[in-house]
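Here is how the chains run, residue by residue.
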Amino acid sequence: MPNTPRFYGWKLVGVLACIDFLILGFPAYGGAVINTYMLADIPMSRSELGLGFTLLNLFVGVPSTLVALSIVKRGIRATYLIGCGLVFLGSLFLALLASRPWHYLLGFGVINGIGICFGDIVPATTAAARWFRRYRGRANALVLSGSGICGFLMAPLLDKVIRASGGHWRVGWQIIAAGAVLAGILVLLFVKERPEDVGQDVDGIPKEQSSAESQASGASQLITQYEWTPAEAYRTRAYWMVVIGGLTAQFPFFFFTAHWLLHLQAAGISSSDAAFALGLFTISGIAGRLIGGWLMDSISARYAFMMGLSCCLVGSIAALRVGPASLWMADAAAVLYGLSIGWAFTCMTTCVAHFYGPTAFPKLAGMALLLTSGGASPAGIVGGWIFDIYGSYTRAFELNFLITVIGIVAMAFATLPRPRDARQTMAQA
């Protein structure tokens, strides 16, 4: 009897996590450290600094529908390569040419933002949706964990490298540009579009066996059995509740990455301790993704999502009490914010796949990312405005608390949708 080849899906998950490390983690979390040193050479207000993160987060979402179209027309690999190329160009521009605030906004906010959109979230989660069904939540969590590992490793490391070079921040962008090249090589060598391309089935299990196992495990109560079209999905309440939940998860996250280091430094915490707290934030995001992914495969999606958002409520309270004498409070706030975004973002992408199936997923996920990232993108500049007006970030963390409550309420109504025909049949019965 011939040996059955090992399921390629889990190997692919490892590769996609490495790409997430290089394409999202390097420019986003590494950039959060580099940009604080850029202020010495490129004088900017906190609002201008925050605007860079606003543009980054905006352009992570704005091209999402184009990314979805690229995946449908050209495939996951080609879409990934476009993203890798753009992150390389944006980082090289910052490393070699940036000398004015608009250079920073263009390179960091616009070019790198578009590069991350093409080179990470939508193609990565589309691949997970295609290769997995029963363990889709866990696969999504692992795929998106690379950036968290990067933040934990890169934030303190880049801080040390830049300080060792006398504050020469351009070295950091050179490292990030090299990472984009490495990511492109991984895409060319290892990324596969679908399990059928290598003669395998979803989850590595034949369809008949997979269906029987889903019924026995109760997964059919968590995952749709119907292949939705995007037009049908847009007419359901659940889709828009998930979008609201995703938006309220990302707004605090975007603010946090833009201003957390500055908030801690203003509270009298050293740059090394602040960088360590940022590392805790990113590594906690990994734990949040894993918890959220496991729960998405085990319990109702809305309850898993609401639990993740709740971490941000407690984290916002802790963030208001940081100081040199209460460094543990800064670490606790970072951990809770990390858990929240990792947990909730995994739930958002998995909800779309669970509720509507892999066929419609690229377009639905692209639209969701456009609306959530676009809607939450002002967080960076809003946080800067609040600081410039009040001289502290207290009001900003209070705003995060309120926005998170709205997300929890919205997700209470995000139940597994039923096709219209099925609802009509139940009504007739």
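Residues numbered from 1 in each chain as written. Predicted model: local features only at pLDDT ≥ 70, side-chain atom pairs only at ≥ 80, totals over all residues. Heavy atoms only, no water.

### Some thoughts on the overall build of the protein chain
Here's step 1: Along the backbone of the protein chain there are 18 helices and 0 strands.
Here's step 2: Oriented by its inertia axes, the alpha-carbon framework of the protein chain measures out at about 65 × 45 × 35 Å.
Here's step 3: Counting the 429 residues in the protein chain, one finds 59% classified as buried.
Here's step 4: Considering only intrachain contacts with a sequence separation of at least 6, the fraction spanning at least 24 residues in the protein chain is 88%.
Here's step 5: Put simply, the protein chain shows about 16600 Å² of open surface, and 66% of that area lies on carbon and sulfur atoms.
Here's step 6: When the 28 positive and 20 negative side-chain charges of the protein chain are each reduced to one mean point, those points stand 3 Å apart. (Helix = DSSP H or I, 4+ residues; strand = E, 2+ residues; numbered from the N terminus. Buried < 20%, exposed > 50% of the residue type's maximum accessible area, 1.4 Å probe, protein only. Contact = heavy atoms within 4.5 Å. Areas by Shrake-Rupley, 256 points an atom, 1.4 Å probe, with all protein chains shown as cover. Lys, Arg positive; Asp, Glu negative; His and termini not counted. Charge placed at Lys NZ, Arg CZ, Asp CG, Glu CD.)

### Let's talk about the pattern of salt bridges
Here's step 1: All chains considered together, the criterion is met by 4 salt bridges.
Here's step 2: Close ionic contact of Glu-193 with Arg-130 constitutes a salt bridge, the shortest N to O distance being 3.4 Å. Taken together, the positions of Glu-193 in the loop between helix H8 (170–190) and helix H9 (207–217) and Arg-130 in helix H5 (residues 101–131) put the pair 63 residues apart, joining distant regions of the chain. Each member of the pair, Glu-193 as well as Arg-130, carries the same accessibility label: buried.
Here's step 3: The closest approach of N and O atoms between Asp-297 and Arg-138, which form a salt bridge, is 2.9 Å. (Salt bridge = Lys/Arg side-chain N within 4 Å of Asp/Glu carboxyl O.)

### Focus: the confidence of the model for the protein chain
Parts of the prediction with low pLDDT should not have their coordinates interpreted in detail.
Here's step 1: For the protein chain, per-residue confidence averages 86 on the pLDDT scale, and 93% of positions sit at 70 or higher.
Here's step 2: Element-level mean pLDDT values for the protein chain span from 48 in helix H18 (residues 420–428) up to 95 in helix H4 (residues 76–96).
Here's step 3: Confidence over residues 214–218 falls short of pLDDT 50; this stretch has 5 contacts with residues more than four positions distant or in other chains. (pLDDT = per-residue confidence, 0-100.)

### What about the packing of aromatic side chains?
Here's step 1: Under the criterion given, the structure shown has 25 aromatic pairs.
Here's step 2: Between Phe-108 and Trp-173, the ring centres sit 5.9 Å apart and the planes meet at 65°, which makes this aromatic pair edge-to-face. Residue Phe-108 is found in helix H5, and its partner Trp-173 is found in helix H8; the two are separated by 65 residues along the sequence. Accessibility classification places Phe-108 together with Trp-173 in one group, the buried group.
Here's step 3: Chaining the aromatic ring pairs together yields one cluster made of Phe-253, Phe-254, Phe-255, Phe-256, Trp-260, Phe-281, Tyr-337, Phe-387, Tyr-393 and Phe-397. (Phe/Tyr/Trp six-rings, centres within 6.5 Å; stacked < 30°, edge-to-face > 60°.)

### A short note on the environment of Gly-338
Here's step 1: When you line up the elements, Gly-338 lands in helix H14 (residues 327–356).
Here's step 2: Each C-alpha atom of the pair Gly-338 and Ala-68 lies 27 Å from the other, and the pair is 270 residues apart in sequence.
Here's step 3: Look past the residues within four positions of Gly-338 in its chain and what remains in contact with it is Phe-281, Ser-284 and Gly-285.

### Things to note about unusual backbone geometry
Here's step 1: Backbone geometry places Asp-203, a non-glycine residue, at a positive phi of 65°.
Here's step 2: Summarising the element assignment, Asp-203 is placed in the loop between H8 and H9.
Here's step 3: Of the residues examined, Asp-203 reaches a relative accessible area of 11% and is grouped as buried.

### Quick notes on helix H3 (residues 64–73)
Here's step 1: Considered for burial, the residues of H3 that qualify are Ser-64, Val-67, Ala-68, Ser-70 and Ile-71. All buried residues of H3 project into a common sector of 160° when viewed along the axis, lining one side. Set apart from the buried face of H3 by more than 90 degrees, the exposed residues are Leu-66 and Lys-73.
Here's step 2: The elements touched by buried residues of H3 are helix H2 (46–61), H4, H5 and helix H15 (361–376).
Here's step 3: Immediately downstream of H3, the backbone of Gly-75 shows phi near 105°, a positive value. (Arc of directions from axis to C-beta.)

### Digging into the packing of helix H11 (residues 237–266) against helix H12 (residues 271–296)
When two helices pack together, their arrangement is given by the angle between their axes and by how far apart the axes lie.
Here's step 1: The contact between H11 and H12 brings their axes to 8 Å, and the two run at 155°. For the element pair H11 / H12, the angle class is roughly antiparallel. When the axes of H11 and H12 are compared, the crossing they make is right-handed. Contact residues: H11 offers Phe-253, Phe-256, Thr-257, Trp-260, Leu-261, Leu-264 and Gln-265, while H12 offers Ser-271, Ala-274, Ala-275, Ala-277, Leu-278 and Phe-281.
Here's step 2: Grouping the amino acids of the contact of H11 with H12 by side-chain chemistry returns 10 nonpolar, 3 polar and no charged. (Axes fitted to C-alpha atoms, helices over the stretch in contact; angles between N-to-C directions. Parallel < 35°, antiparallel > 145°, perpendicular 65-115°, else oblique. Left-handed = near helix turned anticlockwise from the far one by under 90°. Nonpolar A, V, L, I, M, F, W, Y, C, P; charged D, E, K, R; others polar.)

### Topic: the environment of Leu-262
Here's step 1: Looking at the secondary structure, you find Leu-262 in helix H11.
Here's step 2: By relative accessible area, Leu-262 is classed as buried at 5%.
Here's step 3: The sequence separation of Leu-262 and Thr-36 amounts to 226 residues, and the corresponding C-alpha distance is 8.0 Å.
Here's step 4: With sequence-adjacent residues up to four places away left out, Leu-262 is seen in contact with Thr-36, Arg-46, Leu-49 and Tyr-393.

### Focus on the nonpolar core
Here's step 1: Ile-19, Trp-173, Val-242, Trp-260, Phe-281 and Phe-305 are the most contacted members of the largest nonpolar core, which totals 137 residues.
Here's step 2: Not counting residues up to four positions away in its chain, the partners in contact with Val-242 are Phe-305, Met-348, Cys-351, Val-352, Phe-355, Met-411 and Ala-414. (Core = buried A, V, L, I, M, F, W, Y, C linked by side-chain atoms within 4.5 Å.)

### A short note on the environment of Leu-327
Here's step 1: Relative to the helices and strands, Leu-327 is located in helix H14.
Here's step 2: When its relative accessible area of 27% is taken as the criterion, Leu-327 is described as partly exposed.
Here's step 3: When the C-alpha positions of Leu-327 and Asp-273 are compared, they lie 8.4 Å apart, and in sequence the two are 54 residues distant.

### Observations concerning a nonpolar patch on the surface
Here's step 1: Among the surface-exposed residues, Leu-81, Val-181, Leu-182, Ile-185, Leu-188 and Leu-189 lie close enough to one another that they form a single nonpolar patch of about 510 Å² accessible area.
Here's step 2: When residues of the nonpolar patch are assigned to their parent elements, the largest contribution, 5 residues, is made by H8.
Here's step 3: Summarising the element assignment, Leu-81 is placed in helix H4. (Patch = residues over 30% accessible without salt bridge, like charges linked within 9 Å, V, L, I, M, F, W, Y side chains within 5 Å.)

### A word on the side chain of Asp-20
Here's step 1: Examined against the element boundaries, Asp-20 turns out to sit in helix H1 (residues 9–41).
Here's step 2: One polar contact links the side chain of Asp-20 to the main-chain amide nitrogen of Gly-146, over a distance of 3.2 Å. (Polar contact = N/O pair within 3.5 Å; in protein donor to acceptor, adjacent residues only side chain to side chain.)

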